[in-house]
Amino acid sequence: MVDNTLSAEIGMRIQKLPSQLINQIAAGEVIERPASVVKELLENSLDAGATDIEVELEQGGIKLIRVRDNGCGIERDDMVNALERHATSKIQNLEDLERVGTLGFRGEALPSIASVSQLRLISRPENSDHGWVLPGTPEGIASGPQPASHPPGTTIEVCDLFFNVPARRKFLRTEKTEFQHIDNIVKRIALSWPGVEIRLRHNQRPVDHIKSAADREQMERRVASICGSGFIEQCLYVENSVSGLKLSGWLGLPTFSRSQTDMQFFFVNRRMVRDKLVGHAVRQAYQDVLYHGRQPAFVLFLDMDPAMVDVNAHPAKHEVRFRESRLVHDFLFKTLQQALAGTQAGKTVTPIHRMEKAFSSTADRQPFQPGLNMREVAAAYTAFYSPGDAGHSLSEQSVSPASSAVREKPESAQDTTSDCFPPLGYALAQLHGIYILAQNAGGLVLVDMHAAHERITYEKLKAAYVGHSVQTQPLLVPETVLVSTLEADLAETHISRFKDYGIELERIGPEQLRILQTPLLLSHADAVQLVRDMLADLASWGDSRRMSDAADAILATMACHASIRAGRLLTLAEMNALLREMEQTERSGQCNHGRPTWVQLSIQQLDKLFMRGQ
Ligand code: ADP
Ligand code: MG
């Protein structure tokens, strides 16, 4: 029989959906996983003025989430309403909507959660001598609240999340992953509520106790618990108020930059948001102090009159709309830029180091060689690469096979004097420490040396990784990395994966890792920064993408660390070594970020520029 479900559906009449289904549709928007339930329940407790909150979980929250608070409680007669859709105590009219001061206001969370789980609401307002319990089932709601014993405050119990939505259940990850998401949410929320004490239990064991923070030092402890103590050691505290806007918080120094945007926490009136305008202002402020592609870490709080910001822009309330967006942007940008001025640890014009290898000629040490003709360049090049010569490569930055590649073909180097040029030609000079200028048969070749080197390293790393032959070397002095507990857990889970990449790690404390060994190709990279970035990659890729995508991302991060930075002065020999390696590397025309690594300007194009022969 042919399945005609689709055409049958199209032919159906329009019907009003049952309320259970409406709630399940709403749940689809805001309840993605156990952590989303925890977020909604915590926000309700905070809106109720709680100062003490306990979160209890079983099986990563999939089996049970119980949030108990000492907030204002819910009146017996309001309990049924609390489970009704679009019923809220937080706003009453449009005016209220335009100046929402609470985290919630849509009146959707409880009914949505109740429609995809077994929910129970137990509450006792301060003025009542006992509490009431209401199961979130249609029968429970029909028979109304029953007396129950409960201290002043509210408990909401959510059992068997998605028990009736198999499609959603399928997307749940392991208990451990779901727990990590919850732990993350709890810590994030704790960042913006210093006066609130939160205890977290998982599978009947206490796992976290966030004590209330009375001063900056205690707040910094909270910050360290989510960003790691490495962040706190390398950050600036900022505080600034201008015309009703207040910005405060911690800014990671450029030395604590990351490969991902995973350590960026921005709160608007205590609500965590991921906002485009905010993102833009922050990126701009960091622009001068961070290398291309690096991401800053920060924890920032913007406080302002609720009437100046519209929080009704996104169902999960991740985005906001500022009524004076220009003003907010400029305020953020200026405050942050000023705070960051003077922290330019790695500005691109600083030469990192010059190679001091034993070159016979001094001419090759000159990065700029005016007036050399093609023949002279070729001759000079040949001279530097006499067979058996070692050490003209960028080996100090780990592309040692470069010179051997050239050494293997001394004849071809000889050919160079007879006008037979390799595809990328011979280096003439280095421009502003960023570009290599080379001359080939077609005209001028311009190479972005960092991008090119990155591509070469990437391909080498990848070949070694795929062939399970990453060469490693032990660190003479093992390096210690300060990370967050979450990152340390992640590292522990993936210890064998790190090994596949040539990195040997061990966990030596709740927030400490030790690096024992790194890949040979990366022997000059900053191992600590590298491991931090790889952890960030694993956290953001490991969970959702296919393994091979994750591996590519991680290899790219590694390559970036190993590669020569813009600003480093190269000798002609080094430049030529790089050109030769580019020719031998698959896909060397593009760096790992998809940007080109070199361009050709033909004599014809140059002639055109100068209107020669026109
Ligand atoms: P919203 O938070 O958008 O108002 P919810 O569905 O999350 O919608 O909650 C509905 C109502 O239930 C709230 O407006 C509030 O009055 C009440 N409520 C929920 N949780 C609590 C709590 N922990 N303490 C006191 N009241 C609560
Ligand atoms: Mg709510």
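Structure's up top.
Everything numeric here is computed off the predicted structure, so don't read it as measured data.

Trainee: Where do I start with the packing of helix α12 (residues 276-286) against helix α13 (residues 325-340) in this structure?
Mentor: When two helices pack together, their arrangement is given by the angle between the helix axes and the distance between those axes. Running from N to C, α12 and α13 point in directions that differ by 30°, and their axes come no closer than 8 Å. Put simply, α12 runs roughly parallel to α13. Of the two possible hands of crossing, α12 and α13 adopt the one that is right-handed. Only Ser325, Val328, His329, Leu332, Phe333, Leu336, Gln337 and Leu340 of α13 make contact with α12, whose side of the interface consists of Leu277, Val278, His280, Ala281, Val282, Gln284, Ala285 and Tyr286.

Trainee: How should I be thinking about the pattern of salt bridges in this particular structure?
Mentor: Should the charged atoms of two oppositely charged side chains come close, the side chains can pair. If you walk through the whole model with that rule in mind, you get 29 salt bridges. Asp77 serves as the salt-bridge partner of Arg76, at 2.8 Å between the closest nitrogen and oxygen. You can call Asp77 exposed: its relative accessible area is 60%. The partner of Arg294 in a salt bridge is Asp533, with the nearest N and O atoms 2.5 Å apart. Of this pair, Arg294 sits in the loop between α12 and β13 (298-303) while Asp533 sits in helix α20 (residues 527-542), and the two are 239 residues apart along the sequence.

Trainee: Would you take a moment to explain the packing of aromatic side chains for this structure?
Mentor: Ring pairs (aromatic) are described by centroid distance and by the angle formed between their planes. Across all of its chains, the model carries five aromatic pairs by this definition. Consider the rings of Tyr465 and Tyr501, whose centres lie 4.6 Å apart with planes at 5°: the pair is stacked. Here the residue Tyr465 occupies a position in helix α17 (residues 449-466), and Tyr501 occupies one in the loop between α19 (495-500) and β20 (504-509), the gap between them amounting to 36 residues. For Tyr465, a relative accessible area of 21% corresponds to the partly exposed category. A cation over a ring is seen here: Arg270 above Trp193, with NZ or CZ 4.0 Å from the ring centre.

Trainee: What exactly am I supposed to notice about the packing of helix α3 (residues 34-47) against helix α9 (residues 175-191) here?
Mentor: Their axes nearest at 8 Å, the elements α3 and α9 cross at an angle of 25°. When the axes of α3 and α9 are compared, the pair comes out roughly parallel. When the axes of α3 and α9 are compared, the crossing they make is right-handed. Two secondary-structure elements touch here, α3 through Pro34, Ala35, Val38, Lys39, Leu42 and Leu46 and α9 through Glu178, His181, Ile182, Ile185, Val186 and Ile189. Among the residues making up the contact of α3 with α9, the classes are represented as nine nonpolar, one polar and two charged.

Trainee: I tried to follow the environment of Asn203 on my own but got confused; where do I start?
Mentor: With respect to the element layout, Asn203 can be found in the loop between β7 (197-202) and β8 (205-210). A residue is classified by how much of its surface remains accessible, and Asn203, at 29% relative accessible area, is partly exposed. C-alpha of Asn203 to C-alpha of Leu57: the two residues are 146 residues apart in sequence and 6.1 Å apart in space. In this structure, Asn203 is in contact with Leu57, Glu58, Gln59 and Glu175, ignoring residues within four places of it in sequence.

Trainee: Explanation requested: the sheet that holds strand β22 (residues 598-602) in the structure shown.
Mentor: An order of β16-β17-β18-β22 is seen for the four strands of this open sheet, with the pairing classed as antiparallel. Each edge of the sheet is formed by a strand with only one pairing partner; in this case those strands are β16 (426-431) and β22. In this sheet, adjacent strand axes meet at a mean angle of 25° when their direction is disregarded. Relative to the sheet, α17 contacts β16, β17 (435-440) and β18 (443-448), its axis offset from that of β18 by approximately 70°. With respect to the sheet, helix α22 (residues 572-584) is in contact with β16, β17, β18 and β22, its orientation differing from that of β16 by roughly 115°.

Trainee: Sorry, what's going on with the site of ligand 1 here?
Mentor: Taken together, 20 residues sit near ligand 1, with Asn44, Thr88, Ser89, Lys90 and Gly107 positioned nearest. Between an oxygen atom of ligand 1 and a side-chain N or O atom of Thr88, the distance comes to 2.6 Å. Backbone polar atom of Arg106 to an oxygen atom of ligand 1: 3.0 Å apart, as the coordinates give it. Taking 530 Å² as the accessible area of ligand 1 by itself, protein coverage stands at 93%.

Trainee: Got a minute to help me understand the sheet that holds strand β5 (residues 146-148) in this structure?
Mentor: Through backbone hydrogen bonds, the strands of a sheet pair up, either in parallel or in antiparallel fashion. Read from one edge of the open sheet, eight strands run β5-β4-β3-β6-β2-β1-β7-β8, paired in mixed fashion. The open sheet has two free edges, formed respectively by β5 and β8, since each of these has just one partner strand. Pairs of neighbouring strands in the sheet enclose a mean axial angle of 20°, with direction left out of account. Bridge analysis of strand β3 (residues 118-124) against strand β6 (residues 153-159) gives seven bridges, and the strand direction is antiparallel. Residue pairing in the sheet places Arg120 in a bridge with Glu157 of β6. The strands touched by α3 are β1 (52-58), β2 (64-69) and β6; relative to β2, the strand with the most contacts, the crossing angle is about 10°. α9 contacts β1, β7 and β8 of the sheet and is inclined by roughly 175° relative to β7.

Procedures and definitions
- Residues numbered from 1 in each chain as written.
- Chains lettered and ligands numbered in written order.
- Predicted model: local features only at pLDDT ≥ 70, side-chain atom pairs only at ≥ 80, totals over all residues.
- Heavy atoms only, no water.
- Axes fitted to C-alpha atoms, helices over the stretch in contact; angles between N-to-C directions.
- Helix = DSSP H or I, 4+ residues; strand = E, 2+ residues; numbered from the N terminus.
- Parallel < 35°, antiparallel > 145°, perpendicular 65-115°, else oblique.
- Left-handed = near helix turned anticlockwise from the far one by under 90°.
- Contact = heavy atoms within 4.5 Å.
- Salt bridge = Lys/Arg side-chain N within 4 Å of Asp/Glu carboxyl O.
- Buried < 20%, exposed > 50% of the residue type's maximum accessible area, 1.4 Å probe, protein only.
- Phe/Tyr/Trp six-rings, centres within 6.5 Å; stacked < 30°, edge-to-face > 60°.
- Lys NZ or Arg CZ within 6 Å of the ring centre and 35° of its normal.
- Nonpolar A, V, L, I, M, F, W, Y, C, P; charged D, E, K, R; others polar.
- Pairing = 2+ DSSP bridges.
- Near = heavy atom within 4 Å.
- Polar contact = N/O pair within 3.5 Å; in protein donor to acceptor, adjacent residues only side chain to side chain.
- Areas by Shrake-Rupley, 256 points an atom, 1.4 Å probe, with all protein chains shown as cover.

The values reported here are purely geometric and, on their own, carry no functional implication.
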